[in-house]
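Listed here are the chains, written in short residue letters.
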Number of protein chains: 2
Amino acid sequence: MKLYSYFRSSAAYRVRIALNLKGLDYEYEGVHLLRDGGEQLKPEYRAVNPDGIVPALVDGDDVLTQSLAIIEYLEETHPEPALLPKSPSDRAFVRSVAMQVACEIHPLDNLRVLKYLKHQVKVPDDVKDAWYRHWVEAGFASLEKRLAADRRVGSLTLGDTPTIADLCIVPQVFNARRFGIDVSPYPTIARIADYACTLDAFARAAPAQQPDAE
Amino acid sequence: MKLYSYFRSSAAYRVRIALNLKGLDYEYEGVHLLRDGGEQLKPEYRAVNPDGIVPALVDGDDVLTQSLAIIEYLEETHPEPALLPKSPSDRAFVRSVAMQVACEIHPLDNLRVLKYLKHQVKVPDDVKDAWYRHWVEAGFASLEKRLAADRRVGSLTLGDTPTIADLCIVPQVFNARRFGIDVSPYPTIARIADYACTLDAFARAAPAQQPDAE
């Protein structure tokens, strides 16, 4: 398998954790999102993924896109160790946590949105930074409330076993901290992220450990 | 089951289609997103879903949130008729189409984002409208390219059987048209949406057919 990734991409980071947890070897292909106007927008990468975003995972003849769809695919093709629990109710819980990050926070704060705000809407940097902070803080506040109240939460989102939820929380916390956001108002989220990062599969997926890290 | 919904919410619309396709009866509870500052933000609804967004589906003791997590739950608890195909490769394909809508287009154009742009960033209406158009058009252009090139596409995203992909495409096209966007540059997307809307389960899920429609 070959993963098109960028070391700092949250969505690629999720997939790297999944591949590591499953113990799958893969070839790493860096796509630099900032260099030269963005390598993801060049014809070479668009030939792989017309959407011009990372990640993309090539497995045989399949080019898989969208991080959560890729993770579900890995779960179906390599079921052990499972990244989804057994009961439909628990599966819905961890998927909803994953999607709270992937549908409510991350899409508003990714690079192309911040670029559009800056260059098309022409907002000053402090308004752009406030935008970033707002969606992380609103999203984390709401997620914290859910996690703090749910008895299924352990050292990770569902007990002590990594699930798709943790795969989304860790990169989002990493990114929030990189942008200087204080995550201490979200102690459950921060605790889950910090514990997950002590696990080998998460540690090896960290941005700084990637071949294209700067 | 009880569905907290708003007739115009794209995410609720997806779940309504899924419930109809599965032939499941449910109680409809309207949550008016605009009335009185937004009923979704009131303590009554927050007691159901602390995130303050629709939809939420109550099934026994479970309160399920995030439309795609709800749909996966319905698929697992009521497998027939299936909204996901059998092969992992095809499942990844329809999930990635669903997520292209749910993670790349819809989050940027939903009500709370447009409100933040207007009231916090204080952009004029034409900039807000251009923002809305930009993300729909960029997302649809990229999705159209994928669908037009994929031989699995039939009268719907995967052959002629409704999948999770169609459940996301239909509400997004509905919303785009409501905002006056010409979808003719995306003929495959428009054709899929138009055909889907001729099917009873989709037709009954349409905003105008809901008890809270205005």
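Residues numbered from 1 in each chain as written. Chains lettered and ligands numbered in written order. Predicted model: local features only at pLDDT ≥ 70, side-chain atom pairs only at ≥ 80, totals over all residues. Heavy atoms only, no water.

An unreviewed UniProt entry lists chain A under the name Maleylacetoacetate isomerase, with Caballeronia glebae given as the organism. Regarding chain A, the UniProt comment filed under Sequence similarities (unreviewed entry) reads as follows: "Belongs to the GST superfamily. Zeta family." (UniProt positions renumbered as here; feature names shortened; annotations may be inferred.)

**Observations concerning the overall build of chain A**
Of the regular secondary structure elements, chain A holds 9 helices and 4 strands. Secondary structure of chain A in N-to-C order comes out as β-α-β-α-β-β-α-α-α-α-α-α-α. The C-alpha atoms of chain A give a radius of gyration of 17 Å, which matches the 17 Å a tight globule of 214 residues would have. Its C-alpha atoms give chain A principal-axis dimensions of roughly 45 × 45 × 30 Å. Per-residue burial over chain A gives 58% buried out of 214 residues. Here the contacts in chain A between residues at least 6 apart in sequence split such that 66% fall between residues at least 24 apart. When the accessible area of chain A is evaluated, it comes to approximately 8500 Å², of which 51% is carbon and sulfur surface. Looking at chain A, you have 25 positive and 30 negative side-chain charges, and the mean spots of the two groups are 4 Å apart. (Helix = DSSP H or I, 4+ residues; strand = E, 2+ residues; numbered from the N terminus. Rg over C-alpha atoms; globule rule 2.2 N^0.38 Å. Buried < 20%, exposed > 50% of the residue type's maximum accessible area, 1.4 Å probe, protein only. Contact = heavy atoms within 4.5 Å. Areas by Shrake-Rupley, 256 points an atom, 1.4 Å probe, with all protein chains shown as cover. Lys, Arg positive; Asp, Glu negative; His and termini not counted. Charge placed at Lys NZ, Arg CZ, Asp CG, Glu CD.)

**Considerations on helix α4 (residues 88–109) of chain B**
Residue and element names in this part refer to chain B. Along its 22 residues, α4 runs 30 Å from first to last C-alpha, staying within 8% of the 32 Å computed at 1.5 Å per residue. In the structure, α4 departs most strongly from a straight axis at Met99, where the bend amounts to approximately 30 degrees. Of all 22 residues in α4, 20 are buried, a share of seventy percent or more. (Expected span 1.5 Å × (residues − 1). Bend = angle between axes of the 7 residues up to and from the residue.)

**What to know about the pairing of strand β3 (residues 56–59) of chain B**
All names here are of chain B. Note: strand β1 (residues 2–5) against β3, 3 bridges, orientation antiparallel. Across the sheet, the residue bridging to Tyr4 is Ala56, located in β3. Pairing of β3 with strand β4 (residues 62–65), which is carried by 4 bridges, proceeds in the antiparallel orientation. Along β4, the bridge assignment pairs Leu57 with Leu64. Hairpin connection between β3 and β4: a loop of 2 residues separates the two successive antiparallel strands, and Gly60 in this loop has a positive phi of roughly 60 degrees. (Pairing = 2+ DSSP bridges.)

**Structural notes on the interface of chain B and chain A**
Taken together, the contacts link 40 residues of chain B with 40 residues of chain A. Taken together, chain B and chain A are joined by 8 salt bridges. The residue Arg95(B) makes a salt bridge to Glu72(A) at a minimum N-O spacing of 3.6 Å. If you list the elements that add at least two residues to the side of chain B that touches chain A, you get β4, α3 (67–77), α4, α5 (111–119) and α6 (125–149) of chain B. Element by element, the count of residues in the side of chain B that touches chain A is highest for α4(B), at 13 residues. Class assignment for the residues of the side of chain B that touches chain A results in 22 nonpolar, 8 polar and 10 charged. (Salt bridge = Lys/Arg side-chain N within 4 Å of Asp/Glu carboxyl O. Nonpolar A, V, L, I, M, F, W, Y, C, P; charged D, E, K, R; others polar.)

**Considering unusual backbone geometry**
Here the amide bond leading from Val54(A) into Pro55(A) is cis, since omega sits at 0 degrees, within 30 degrees of zero. With respect to the secondary-structure elements, Pro55(A) resides in the loop between α2 (43–46) and β3 (56–59). Note the cis peptide between Glu80(B) and Pro81(B), where omega equals -10 degrees. In this fold, Pro81(B) is placed in the loop between α3 and α4.

**Observations regarding the relation of the copies chain B and chain A**
Rotating chain B by 180 degrees and translating it 0.0 Å along the rotation axis places it on chain A, where the RMSD comes to 0.0 Å. The relationship between the two copies is best expressed as a two-fold rotation axis. Looking at the rotation axis and the C-alpha trace of chain B, the residue lying nearest is Cys103(B), at 2.5 Å. A shared binding surface is used by both copies, with 100% of the interface residues of chain B retained as interface residues in chain A. (Least-squares fit on C-alpha atoms with pLDDT ≥ 70 in both.)

**A word on the packing of helix α7 (residues 164–178) of chain B against helix α8 (residues 187–196) of chain B**
All names here are of chain B. The contact between α7 and α8 brings their axes to 9 Å, and the two run at 100 degrees. Judged by the angle between their axes, α7 and α8 are roughly perpendicular. Here Asp166, Ile169, Val170, Val173 and Arg177 of α7 come into contact with α8, specifically with Ile189, Ala190, Ile192, Ala193, Asp194 and Ala196. Broken down by class, the residue content of the contact of α7 with α8 amounts to 8 nonpolar, no polar and 3 charged. (Axes fitted to C-alpha atoms, helices over the stretch in contact; angles between N-to-C directions. Parallel < 35°, antiparallel > 145°, perpendicular 65-115°, else oblique.)

**Some words on the UniProt feature "domain: GST C-terminal" (unreviewed entry) in chain A**
Feature annotation in UniProt assigns "domain: GST C-terminal" (unreviewed entry) to the following positions: residues 87–214 of chain A. Summarising residues 87–214 of chain A: 68% helix, 0% strand, and an end-to-end C-alpha distance of 41 Å.

**Details of the sheet that holds β3(B)**
Residues and elements named next belong to chain B. Taking strand neighbours across the sheet as the criterion, the 4 strands line up as β2-β1-β3-β4 in an open arrangement whose pairing is mixed. Where the open sheet ends on each side, the last strands, each with one partner, are β2 (27–30) and β4. Strand-to-strand twist in this sheet, taken as the mean axis angle between neighbours without regard to direction, amounts to 20 degrees. With 4 bridges joining them, β1 and β2 adopt parallel strand pairing. By the bridge assignment, Leu3 is partnered in β2 with Tyr28.

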